[in-house]
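Results of the structural survey
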Amino acid sequence: MDCIFCKIVRGEMPCSKVYEDDKVLAFNDIDPQAPVHVLVIPKKHYGSILDIKDDEMDIVAHIHKIINKIAKEKGIDKTGFRIVNNCGEDANQVVKHIHYHILGGKKL
Ligand code: AMP
Ligand code: ZN
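Rules and cut-offs
- Residues numbered from 1 in each chain as written.
- Chains lettered and ligands numbered in written order.
- Predicted model: local features only at pLDDT ≥ 70, side-chain atom pairs only at ≥ 80, totals over all residues.
- Heavy atoms only, no water.
- 1 Å grid on protein atoms, 1.4 Å probe; cavity = no way out; pocket = protein on both sides within 12 Å on 5 of 7 lines; lining within 4 Å.
- Points joined across faces, edges and corners; volume = space filled by probe spheres on them.
- Helix = DSSP H or I, 4+ residues; strand = E, 2+ residues; numbered from the N terminus.
- Nonpolar A, V, L, I, M, F, W, Y, C, P; charged D, E, K, R; others polar.
- Near = heavy atom within 4 Å.
- Polar contact = N/O pair within 3.5 Å; in protein donor to acceptor, adjacent residues only side chain to side chain.
- Areas by Shrake-Rupley, 256 points an atom, 1.4 Å probe, with all protein chains shown as cover.
- Sits in = over half its atoms within 2 Å of the grid points.
- Salt bridge = Lys/Arg side-chain N within 4 Å of Asp/Glu carboxyl O.
- Buried < 20%, exposed > 50% of the residue type's maximum accessible area, 1.4 Å probe, protein only.
- Core = buried A, V, L, I, M, F, W, Y, C linked by side-chain atoms within 4.5 Å.
- Contact = heavy atoms within 4.5 Å.

As for the layout of surface pockets
- Taken as a whole, the largest pocket encloses approximately 450 Å³ of empty space.
- Around the largest pocket, the lining is made up of 24 residues, and of these Phe5, Asp29, Ile30, Leu39 and Val95 lie nearest the centre.
- Of all the secondary structure elements, the ones that give two or more residues to the lining of the largest pocket are helix 1 (4-9), strand 2 (24-28), strand 3 (36-42) and strand 5 (100-104).
- For the lining of the largest pocket, the leading source of residues is helix 1, giving 3 residues.
- Class assignment of the residues belonging to the lining of the largest pocket gives a composition of 13 nonpolar, 9 polar and 2 charged.

Looking at the site of ligand 1
- Near ligand 1 you find 17 residues, and of these Asp29, Asn86, Val94, His99 and His101 are the closest.
- Between ligand 1 and the protein, one listed contact pairs a nitrogen atom with a backbone N or O atom of Ile30 at 3.1 Å.
- Between ligand 1 and Asn92 there is a distance of 3.1 Å, counted from an oxygen atom to a backbone nitrogen or oxygen.
- Bound to the protein, ligand 1 loses 83% of the 510 Å² it would expose on its own.
- With respect to the detected pockets, ligand 1 is housed in the largest pocket.
- Among the secondary structure elements, those contributing two or more residues to the shell around ligand 1 are helix 1 and strand 2.

Some points on the pattern of salt bridges
- Enumeration according to the criterion identifies 8 salt bridges in this entry.
- Close ionic contact of Glu20 with Lys17 constitutes a salt bridge, the shortest N to O distance being 2.5 Å.
- Given a relative accessible area of 36%, Glu20 falls into the partly exposed group.
- For Asp22, the salt bridge is made with Lys23, and the minimal N-O distance between the two is 4.0 Å.
- Salt bridges linked by common partners bring Lys17, Glu20 and Lys43 together as one network.

Observations regarding the nonpolar core
- Judged by nonpolar contacts, the single largest core of 19 residues is most densely connected at Val38, Val40, Ile59, Ile63, Ile70 and Ile102.
- Only strand 2, strand 3, helix 2 (58-74) and strand 5 provide two or more residues apiece to this core.
- Apart from the residues within four sequence positions on either side, Ile63 is in contact with Val24, Val40, Pro42 and Tyr100.
- Residues Cys3, Cys6, Ile8 and Ile41 belong to the second largest nonpolar core, which totals 9 residues.

Following this line, the structure appears as C-alpha cells:
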C-alpha cells in the first residue's frame, strides 16, 4: 500500500522512533509544532477512526495507554499536553493512516 506511515511501519522509510510494540509505533513528527510532538499510530492500516470496526476498538485504548506512557517519559504529564486526531477533510487530515498527535512542552 502506498501509505507513508505503512512504509515507516515496514521499515522502508526512516523515523525517529519513540516507542514500538507489536501493535503500535510512535515517532517524532518530522515538522514539530511543539517541543514535544510525537505521533502514535497503529501498525495496521486504518484510514481514520471511521475505519475501525467496533470489535477492533481495543486498539484505541491501547494507543491511549501508550500516550499516557510517552507523556510521562517526556515529562509533559506535569505540565499538560494535547492529544489530536484529525479525521477527514475539514480537520485537514493529511496522512490517511490514523495517527494521534501528542503535543506539549510549551503553552499551546
Ligand atoms: P495530519 O494533518 O493530522 O494528517 O498530520 C500529519 C502529520 O504527519 C504532520 O504533522 C506531518 O508533519 C507528519 N509527517 C508527515 N510525514 C512524516 C514522516 N515521514 N515522519 C514523521 N512525521 C511525518
Ligand atoms: Zn498506512
